[in-house]
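Summary of the model geometry
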Amino acid sequence: MTDIRDKDISLTFAKGMGVLKAFDAAHTHLSIADIVGITGYDRASVRRLVLTLVSLGYVRQEGRVFSLTPHVLILAGGFLQGRGFGKTIHPVLKTCSREIGEAISLAMIDGGDAVYVAHAGVEEYMVSLGFTIGSRIPLVQTAIGRALLAAGDPAAMRARVEDATLVRYTVDTLMDPDAIWRAVEDAAAKGYAFVDNEFEPGVAALAVPVGRPGAARAAIGMSAARPTFHSGEYFDTVLRALRQCAVMLEPLLGE
């Protein structure tokens, strides 16, 4: 990340982005007081920022309650369209998905989360779990997250693990940062991450990085019921397909 001096940063703009980020899956409709509580900004500032976002079309006002509008997708659209996700990346994911008969997702790191940026196949499965493009899942307790951690700069990734907020999703969720880091190191050594019943009850997931070790910018992965991974050659078949897909995706993601 480029070092930027504080005097070159627009704090007002930064706060505006903070207000937008207050809206998430758990907070879709918020009052001024709700946003103040989430952001920690003073009420007067929040009111001005929210009303500015309303005037720009990013936020809708209904009485004293505010919510995001589809206009916010413009922000993501520039990223996705600029990298040809629809024209080049999705077809590759679709081909791989058809080969293994499972849904495949592509994710990138954003803070302490992995964010889905593309998906192909078995849409009903993703919808049933509540995952869509833009969904955020924890880096430390998911296969696709650990694949990203394992293929990034070790020092920076270790810091992300140490700083992570740990949530117990299942009885098998790893809650010790040292144990999580050992799992990340194991993933780095093997070239893939496998998480069994840690994030979703009864579900296992497999993921591989897209890019060279130490500098991968994305990861692809899939999940299925736990018994599926222990039946015949399924694990090896899926791993081989994911690795082939990663090789094809790497030059498409660009710098």
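Residues numbered from 1 in each chain as written. Predicted model: local features only at pLDDT ≥ 70, side-chain atom pairs only at ≥ 80, totals over all residues. Heavy atoms only, no water.

**Here we look at the overall build of the chain**
Looking only at helices and strands, one finds eleven helices and eight strands in the chain. Counting every position in the chain, which comprises 255 residues, the buried fraction comes to 42%. For the chain, the accessible surface area stands at approximately 13900 Å², while carbon and sulfur atoms represent 56% of it. (Helix = DSSP H or I, 4+ residues; strand = E, 2+ residues; numbered from the N terminus. Buried < 20%, exposed > 50% of the residue type's maximum accessible area, 1.4 Å probe, protein only. Areas by Shrake-Rupley, 256 points an atom, 1.4 Å probe, with all protein chains shown as cover.)

**Details of the pairing of strand 8 (residues 218-225)**
Each regular strand shows side chains that alternate between the opposite faces of the sheet. Counting buried positions over the eight residues of strand 8 gives seven, a clear majority of the element. Relative to strand 8, strand 3 (residues 104-110) runs antiparallel, the two being bridged by three bridges. Bridge pairing links Ala107 to Ala219 in strand 8. As judged from the eight bridges shared by strand 7 (residues 203-210) and strand 8, these two strands associate in the antiparallel manner. Note that in strand 8 the partner of Val208 across the bridge is Ile220. (Pairing = 2+ DSSP bridges.)

**Quick word on helix 11 (residues 234-253)**
Here helix 11 spans 28 Å end to end across 20 residues, near enough to the 28 Å set by a 1.5 Å rise per residue. The axis of helix 11 is deflected most strongly, by about 25°, at Val247, and proline Pro251 appears within four residues downstream. Within helix 11, the full set of buried residues consists of Tyr234, Phe235, Val238, Leu239, Ala241, Leu242, Cys245, Ala246, Leu249 and Leu253. (Expected span 1.5 Å × (residues − 1). Bend = angle between axes of the 7 residues up to and from the residue.)

**Brief notes about the side chain of Thr142**
By the secondary structure assignment, Thr142 is in the loop between strand 5 (136-138) and helix 7 (143-150). A polar side-chain atom of Thr142 sits 3.1 Å from the main-chain amide nitrogen of Gly145. Non-local contacts of Thr142, meaning those with residues more than four positions away in its chain, are made with Ile137, Val195 and Phe199. (Polar contact = N/O pair within 3.5 Å; in protein donor to acceptor, adjacent residues only side chain to side chain. Contact = heavy atoms within 4.5 Å.)

**Re the environment of Val184**
Inspection of the secondary structure assignment puts Val184 in helix 9 (residues 177-190). Val184 sits in the buried class, given a relative accessible area of 1%. For the pair Val184 and Arg158, spaced 26 residues apart in sequence, the C-alpha separation works out to 9.0 Å.

**Structural notes on the packing of aromatic side chains**
Per the counting criterion, the structure on display carries six aromatic pairs. Arranged with centres 5.5 Å apart and planes meeting at 70°, the rings of Tyr192 and Phe235 form a pair that is edge-to-face. Of this pair, Tyr192 sits in the loop between helix 9 and strand 6 (193-196) while Phe235 sits in helix 11, placing them 43 residues apart in sequence. For the residue pair Tyr192 and Phe235, the accessibility class agrees, reading buried in each case. Seen in terms of ring centroids, Phe194 and Phe229 are 5.2 Å apart; in terms of plane orientation they differ by 70°. Their pairing is edge-to-face. Remark: Phe229 occurs in helix 10 (residues 226-229) and Phe194 occurs in strand 6; sequence separation between them is 35 residues. A residue is classified by how much of its surface remains accessible, and Phe194, at 29% relative accessible area, is partly exposed. (Phe/Tyr/Trp six-rings, centres within 6.5 Å; stacked < 30°, edge-to-face > 60°.)

**Description of the sheet that holds strand 3**
Strand pairing in a sheet is mediated by backbone hydrogen bonds. Such pairs are either parallel or antiparallel. Pairing within the open sheet is antiparallel, and its six strands lie in the order 5-4-3-8-7-6. Two strands lie at the open edges of the sheet, namely strand 5 and strand 6, each paired on one side alone. Strand-to-strand twist in this sheet, taken as the mean axis angle between neighbours without regard to direction, amounts to 35°. When strand 6 meets strand 7, the two strands line up antiparallel, connected through four bridges. The partner of Val195 across the bridge, within strand 7, is Ala205. (Axes fitted to C-alpha atoms, helices over the stretch in contact; angles between N-to-C directions.)

As far as function goes, none of this settles anything; it's purely spatial.
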